[in-house]
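Structural features, examined
Chain by chain, the residues run as shown.
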2 protein chains.
Amino acid sequence: MPRISESTVRRLSHYYRVLEEVEAEGGRLISSHRLAEREGVTSAQVRKDLSCFGSFGRRGLGYNVAHLRQEIRSILGLDRRWRVGVVGVGNLGTALMLYRGFEKQGFDVVAAFDRDPARIGKPLGNLVVRDIVDLPVVAKEPGLDLGVIATPLRAAQEVADALVAAGVRGIINLAPRKLFVPRHVALRTVDLTVEFESLSFAIANVAARGRRRRPNSPG
Amino acid sequence: MPRISESTVRRLSHYYRVLEEVEAEGGRLISSHRLAEREGVTSAQVRKDLSCFGSFGRRGLGYNVAHLRQEIRSILGLDRRWRVGVVGVGNLGTALMLYRGFEKQGFDVVAAFDRDPARIGKPLGNLVVRDIVDLPVVAKEPGLDLGVIATPLRAAQEVADALVAAGVRGIINLAPRKLFVPRHVALRTVDLTVEFESLSFAIANVAARGRRRRPNSPG
């Protein structure tokens, strides 16, 4: 398999979601054109992305939905369950624990940690919040594959170090801070503050350039 | 001002956070080297990013923290308040409403919407959840600059259309679906499912290539 770029993986993830929907609607075949349309890319891009993994389509007929979905599922590592530990059960962490969408894709939140005595021992969904110092014990048995950091900014690097020491192989960081982890650990940062600021930048700079198109918007 | 790339804007957002921290710690000057170190980029990158906006640094002395923070604040459009409406108050939407971190940067959640009668009229933080059909009214008075889509996948495009029609100028989409909006509306998608799948891909493919470095990890 050739080296696959991060952006290809992201598109695969989107194609997978489209295929799930189409399959649920009873669709059996899908053209690269339709797959592209739903994702806002070109059909050439779809064919290129999928050609990395072998030949799934039949010219003129399109892709077999169930087969392609299974293939992408396997490529994305979704043909197994992933054990996720969430660290920090403030609003964001709690929401993640209670949101069932990830479970459907194979990501089971199996442990929640905090260091606030007021939170430790409290039930959350079908779990009980544990003390962050128990992380190594939980990571050993029943085991953790992935960690989610939903702590305040200042604690984030320390928690990342603890997750790495406990042996997780992937981390999602929701704290608005750049974190450093060893190369063998995959890290993805989801920073909503950056997204908000990227919007305010875009809007403020359109306005500054006199290209504002909505004169009724507050300045 | 030259055309600024999306990735530069994101780094500015990070520099801003570092400068806030340094200022809170009482720091008055910061070198491009230290700013770079905190962000995991090179100091040349920092100087290049900041040079887009004029000359903030003094050779050998570094940047004046307070001044640079103010400049970036203004560049990012954070020297005003932004009025945010959240659509969909399930777990993720509710968490956003209750999370105070965005407020600190100038983003005030001023309205929450849902279409579930069981949720409409209920208090949430210091707001009351409104019917999504009231969106145009609320957008007119008191006004909305930005919308956050935290609905299930299937409703997301319809909600985006409604937000655009109501005149918002920027949208953050948390639903795992590609959305289409007119060019004058800024759109950012934050898809946690894609992030999880990008991790599982990375880990599954390291394992598949026999480069797994943690023999004690569950397969």
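Residues numbered from 1 in each chain as written. Chains lettered and ligands numbered in written order. Predicted model: local features only at pLDDT ≥ 70, side-chain atom pairs only at ≥ 80, totals over all residues. Heavy atoms only, no water.

With that out of the way, let us pick up the overall build of chain A. Looking only at helices and strands, chain A features 9 helices and 11 strands. When burial is assessed residue by residue, chain A has 53% of its 219 residues classed as buried. In chain A, the share of contacts with a sequence separation of at least 24, taken over all contacts with a separation of at least 6, comes to 54%. (Helix = DSSP H or I, 4+ residues; strand = E, 2+ residues; numbered from the N terminus. Buried < 20%, exposed > 50% of the residue type's maximum accessible area, 1.4 Å probe, protein only. Contact = heavy atoms within 4.5 Å.)

Let us now look at the interface of chain A and chain B. Residue-level contacts link 76 residues of chain A with 76 residues of chain B. Both sides together, the interface formed by chain A and chain B hides about 7200 Å², and carbon and sulfur atoms give 64% of it. Taken together, chain A and chain B are joined by 6 salt bridges. For A:Arg10, the salt bridge is made with B:Glu195, and the minimal N-O distance between the two is 2.7 Å. Viewed at the interface, chain B and chain A are joined by 18 residue pairs in polar contact (both at pLDDT 80 or more). Secondary-structure elements contributing two or more residues to the side of chain A that touches chain B are helix 1 (6–24), helix 2 (32–39), strand 4 (82–87), helix 5 (91–98), strand 9 (146–149), strand 10 (170–173), strand 11 (186–189) and helix 9 (192–208) of chain A. Tallying contributions element by element places helix 9 of chain A first for the side of chain A that touches chain B, with 14 residues. Of the residues in the side of chain A that touches chain B, the class split is 38 nonpolar, 15 polar and 23 charged. (Buried area = accessible area lost by both parts, 1.4 Å probe. Salt bridge = Lys/Arg side-chain N within 4 Å of Asp/Glu carboxyl O. Polar contact = N/O pair within 3.5 Å; in protein donor to acceptor, adjacent residues only side chain to side chain. Nonpolar A, V, L, I, M, F, W, Y, C, P; charged D, E, K, R; others polar.)

A word on the sheet that holds strand 5 (residues 107–114) of chain B. Residue and element names in this part refer to chain B. What the 6 strands build is an open sheet, ordered 8-5-4-9-10-11; its pairing is parallel. Of all strands in the sheet, those with a lone pairing partner are strand 8 (130–131) and strand 11 (186–189), marking the two edges. Sheet topology note: the strand 5/strand 8 ladder contains 2 bridges and is parallel. In the strand pairing of strand 8, Asp-114 is matched with Asp-131. (Pairing = 2+ DSSP bridges.)

All names here are of chain A. What helix 8 (residues 156–165) keeps buried is the set Ala-156, Val-159, Ala-160, Leu-163 and Val-164. Looking down the long axis of helix 8, one finds its buried residues gathered within 140° of arc, a one-sided arrangement. For helix 8, the exposed residues set more than 90 degrees away from the buried face come down to Glu-158 and Ala-165. Those residues of helix 8 that are buried lie in contact with strand 4, helix 7 (135–143), strand 9 and strand 10. (Arc of directions from axis to C-beta.)

In a pair of packed helices, the angle between the axes and the distance between the axes together describe the arrangement. Residue and element names in this part refer to chain B. With their axes 10 Å apart at the nearest point, helix 1 (residues 6–24) and helix 2 (residues 32–39) run at an angle of 110° to one another. Here helix 2 runs roughly perpendicular to helix 1, going by the angle between their axes. Here helix 1 and helix 2 pass one another in a crossing that is right-handed. Note on element contacts: helix 2 touches helix 1 through Arg-34, Leu-35, Arg-38 and Glu-39, opposite His-14, Tyr-15, Val-18, Leu-19, Glu-21 and Val-22. Counted by class, the contact of helix 1 with helix 2 contains 5 nonpolar, 1 polar and 4 charged residues. (Axes fitted to C-alpha atoms, helices over the stretch in contact; angles between N-to-C directions. Parallel < 35°, antiparallel > 145°, perpendicular 65-115°, else oblique. Left-handed = near helix turned anticlockwise from the far one by under 90°.)

Looking now at the packing of aromatic side chains. All told, the structure shown has 4 aromatic pairs over all chains when counted by the stated rule. Taking the centre distance of 4.7 Å and the plane angle of 45° together, the rings of A:Phe102 and B:Phe196 count as tilted. Residue A:Phe102 is located in helix 6 (residues 101–104), and its partner B:Phe196 is located in helix 9 (residues 192–208); the two belong to separate chains. Taken individually, A:Phe102 and B:Phe196 each receive the classification buried, so the pair is uniform in this respect. Seen from their ring centres, A:Phe107 and B:Phe196 are 4.9 Å apart, and the 40° between their planes marks the pair as tilted. Of the two residues, A:Phe107 is situated in strand 5 (residues 107–114) and B:Phe196 in helix 9; the pairing between them involves two chains. B:Phe196 carries the same exposure label as A:Phe107, and that label is buried. Grouped by ring-pair contacts, the aromatic residues A:Phe102, A:Phe107 and B:Phe196 constitute a single cluster. (Phe/Tyr/Trp six-rings, centres within 6.5 Å; stacked < 30°, edge-to-face > 60°.)

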